[in-house]
Amino acid sequence: MSARTGRAAGTTTRRRVRARVEGTVQGVGFRPFVYRLAGELGLDGAVWNDARGAVVELEGDGGAVETFLVRLPREAPALASVERLVREEVPPTGERGFTIAASAAGDEPSAAVSPDAATCEDCLAELRNPDDRRFRYPFVNCTNCGPRFTIVRGVPYDRPLTTMAGFAMCARCQAEYEDPADRRFHAQPNACPVCGPQAWLADGHGRALDLDGQRDAVEAAAQALRDGLVVAVKGVGGFHLACRADDEGAVAVLRSRKHREDKPFALMACDLWGALALVALGAEEEALLVGRERPIVLAPRLERAPVAPSVAPGSTELGVMLPYSPLHHVLMEDFAGAGGSDGPPALVMTSGNVSDEPIAYGDEDALARLTPIADRFLLHDRPIHTRTDDSVVRVVDVGSARRPLVLRRSRGFVPASVTLPVPATRPVLACGAELKSTFCVAKGTHAWVSHHVGDLKNYETLVSFREGVEHFERLFAVAPEVVAHDLHPDYLSTGYALEREGVDLVGVQHHHAHLAACLAEHGERGPAVGAIYDGTGYGTDGTVWGGELLVGDLAGFERAGHLRPVRMPGGERAVREPWRMACAWLVEAYGPEPPLPAVLAPWVEPDRWGVIAELARTGFSSPVTTSAGRLFDAVAALCGLAPRVNYEGQAAVELEAAADASERGAYPLPISAGAEPPLELDARETVRAVAEDLARGTRLEAASARFHNGVAAASAHACATIAERHGLATVVLSGGVFQNRLLLERTAAALTAAGLRVLVPERLPPNDGGISYGQAAVAARRGVER
């Protein structure tokens, strides 16, 4: 055996192979890995990036070439993903040595861009080592970690096409960058205190403040936080607004200034041990917290958690994340004190915006919008190219396994592609819905779902949406020929789709898109039964759907069942004032003049109650809806929870939080027994049972649980009935209402007990954040039929 190559002596067959590698292979240490593997196997040649990924040319012993091609995808770096490897034989050149060549320009870009990745252990060791030249440097990174998507302006992923282009590397950083044996070889954001970005603490006018004896700006910011101030922190994908989590006064000030009355704030703990002092964590939650994506993880709050009451009012859970950038690590460790364990346990880290606006990500924008909120600004001069919120995940028990349920897919996950089971033969843009807006571009088998844009209800968010679409179209070289959109004529996303010129339009019904998204994510085409429960979706009959039982595949669907229709008194006002939905359901359950429940008397004048009952009876200014979300609102209001809401889904969140999980009783929810579809889930008896149980003095916790159990049992029975009629064995559970862990787990358990296979979204949210991908999957499938 040769000491250099490890291959048998006497093997002389020399071959040259060119291998094209597609996937996430840029900015993730892939070329240094190739260089080392080729050296280990004694192969000559070169590797380089181009617009489509990476190209490797290998020359040497034929057996060593084959070994290389087998090991390449198996042993690729942790952040890399080899999706396709195409090889071709080329004539040997006699080249000696292996090199990493300059990236090739030209061609149509299709290289996958890596998501931002949390700081690796090697970089953290440097960050904490007083003898290291990057000690306490807030922008330490390498090919295994650091910013990617948020700084990239184009492909191939090289420094000139990132926001680091303006920072010339010093000699020592340049040497690391050029050394294939160094973990910073071609790390595009590579920098140090001598040559890289800098941080400073500023007032609301952007003026640098005196550090007042602190070592640096981060330490000064930590002291400001310990003193109870609100600090705007520029992070990886935008600004956070931070304050002490254990200081009720500081949290109340932040709520007041941000105009965020009730919606829970996210927390950042210093480390896993700090998180364990706040919430109950299983192995799955711990893995999510420490993973490279570093999402916010929702978990049950501990009674002893040292957190101010107004951090998460009305919720039994806290959303916790760990530091994911060097700046966050230094800030949290300074905030907690020497050793990281003797100071306040956590910081509120909420989005840097006024409620309902996109997060701020540019310095000037942040100073303009956040000065009324923040006392101090922790700024830096590394530009952010794409604003990206934190992702949010919870763990659910479905199908005898605990698995993640993504509620918001953004930083750490985007822009990783999601495969389409039916390739898009023509490039597609899917525009999504309105709430929790995302868009999706697709070509071939690849679909790139955008970061969370926000609720598409104002000009600022529409501008962010448009800019995001343009960026994704450039980044992934998608020139849409087909544009898919929701059927709702008044959505801004629909309006944007209709403005696109020279494209074919594909309208996709809202709940069909939910069904298609879940099927396609699991690599399936259908057909399947779908229980799609949400707040609002425009139906094919022009009414507001939302409690839907569908039978469908990627191409189309039929409405096999739905919740009983009810009026929404005052239209959209009924969404903001759930007591109106309680009134409407009581009209359905008891007749035209239901008495005002005592629990609602502090909120509603009797005369006002009568007016709303009349709207529900006559239908004036009261559209019909089958929305499951509005039913949950009604029951929450009857329980005295959130008669008026300050954020979308608040009533349902508080109703779930109130439920006693040990309660096994269930309220009736009859299903129509007609021989022909659609079935109807008649919630009148359910509402009567809730109202009468509460009037008898039943505990709120028991009533909430019985309602959840009743909806779960009836939904499972209806799905099983439909599945039997159609000869199907698979049921999809999706839509924003199925973010409710109790409802999801009990519905899934009942379906599994009935012998049915259950699919739930995993990589994409069940809420409207997954709609754009479903639209793309439908457009791709219908394109095959052209």
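Preceding this section is the structure that the text describes.
Cut-offs applied
- Residues numbered from 1 in each chain as written.
- Predicted model: local features only at pLDDT ≥ 70, side-chain atom pairs only at ≥ 80, totals over all residues.
- Heavy atoms only, no water.
- Helix = DSSP H or I, 4+ residues; strand = E, 2+ residues; numbered from the N terminus.
- Rg over C-alpha atoms; globule rule 2.2 N^0.38 Å.
- Buried < 20%, exposed > 50% of the residue type's maximum accessible area, 1.4 Å probe, protein only.
- Contact = heavy atoms within 4.5 Å.
- Axes fitted to C-alpha atoms, helices over the stretch in contact; angles between N-to-C directions.
- Parallel < 35°, antiparallel > 145°, perpendicular 65-115°, else oblique.
- Left-handed = near helix turned anticlockwise from the far one by under 90°.
- Phe/Tyr/Trp six-rings, centres within 6.5 Å; stacked < 30°, edge-to-face > 60°.
- Lys NZ or Arg CZ within 6 Å of the ring centre and 35° of its normal.
- Pairing = 2+ DSSP bridges.

## A short note on the overall build of the protein chain
At step 1: A count of helices and strands for the protein chain gives 22 helices and 27 strands.
At step 2: Radius of gyration (C-alpha) of the protein chain: 28 Å, near the 28 Å computed for a compact globule of 786 residues.
At step 3: Principal-axis analysis of the C-alpha atoms places the extent of the protein chain at approximately 90 × 65 × 50 Å.
At step 4: Within the protein chain, the proportion of its 786 residues that are buried is 60%.
At step 5: Within the protein chain, counting contacts between residues at least 6 apart in sequence, those at least 24 apart form 71% of the total.

## Quick word on the packing of helix α11 (residues 459–475) against helix α12 (residues 492–499)
At step 1: For the pair α11 and α12, the least separation of the axes is 11 Å and the interaxial angle reads 45°. In terms of axis orientation, α11 runs oblique to α12. In this structure, α11 meets α12 at a crossing whose hand is right-handed. Contacts from Leu462, Phe465, Arg466 and Val469 in α11 reach Leu492, Tyr496 and Glu499 in α12.

## Points about the packing of aromatic side chains
At step 1: For the coordinates displayed, the defined rule picks out 13 aromatic pairs.
At step 2: Between Phe439 and Phe465, the ring centres sit 5.7 Å apart and the planes meet at 85°, which makes this aromatic pair edge-to-face. You can see Phe439 sitting in the loop between β16 (418–430) and β17 (440–449) and its partner Phe465 sitting in helix α11, a full 26 residues away along the chain.
At step 3: On the basis of relative accessibility, which here comes to 0%, the residue Phe465 falls in the buried class.
At step 4: Measuring from centroid to centroid gives 4.8 Å for Phe632 and Phe707, while their planes differ by 70°, and the two rings are edge-to-face. Residue Phe632 is located in helix α17 (residues 628–638), and its partner Phe707 is located in helix α20 (residues 700–726); the two are separated by 75 residues in the primary sequence. A single burial state applies to Phe632 and to Phe707, both of which are buried.
At step 5: Among the aromatic side chains, those forming a connected cluster through ring pairs are Phe149, Phe439, Trp448, Phe465, Phe472, Phe476 and Tyr496.
At step 6: A cation over a ring is seen here: Arg411 above Tyr324, with NZ or CZ 3.4 Å from the ring centre.
At step 7: Its end group placed over the ring of Trp545, Arg559 keeps NZ or CZ at 3.9 Å from the ring centre.

## Considerations on the sheet that holds strand β8 (residues 239–244)
At step 1: Spatial ordering of the open sheet is given by β6-β13-β7-β8-β12-β9-β11-β10-β14-β15, a layout of 10 strands whose pairing is mixed. The open sheet has two edge strands with one neighbour each: β6 (199–202) and β15 (401–408). The mean inter-strand angle of the sheet, taken between neighbouring strand axes irrespective of direction, is 35°.
At step 2: Here strand β14 (residues 392–398) pairs with β15 via 7 bridges, running antiparallel. Within the sheet, the bridge partner assigned to Val398 lies in β15 and is Ala401.

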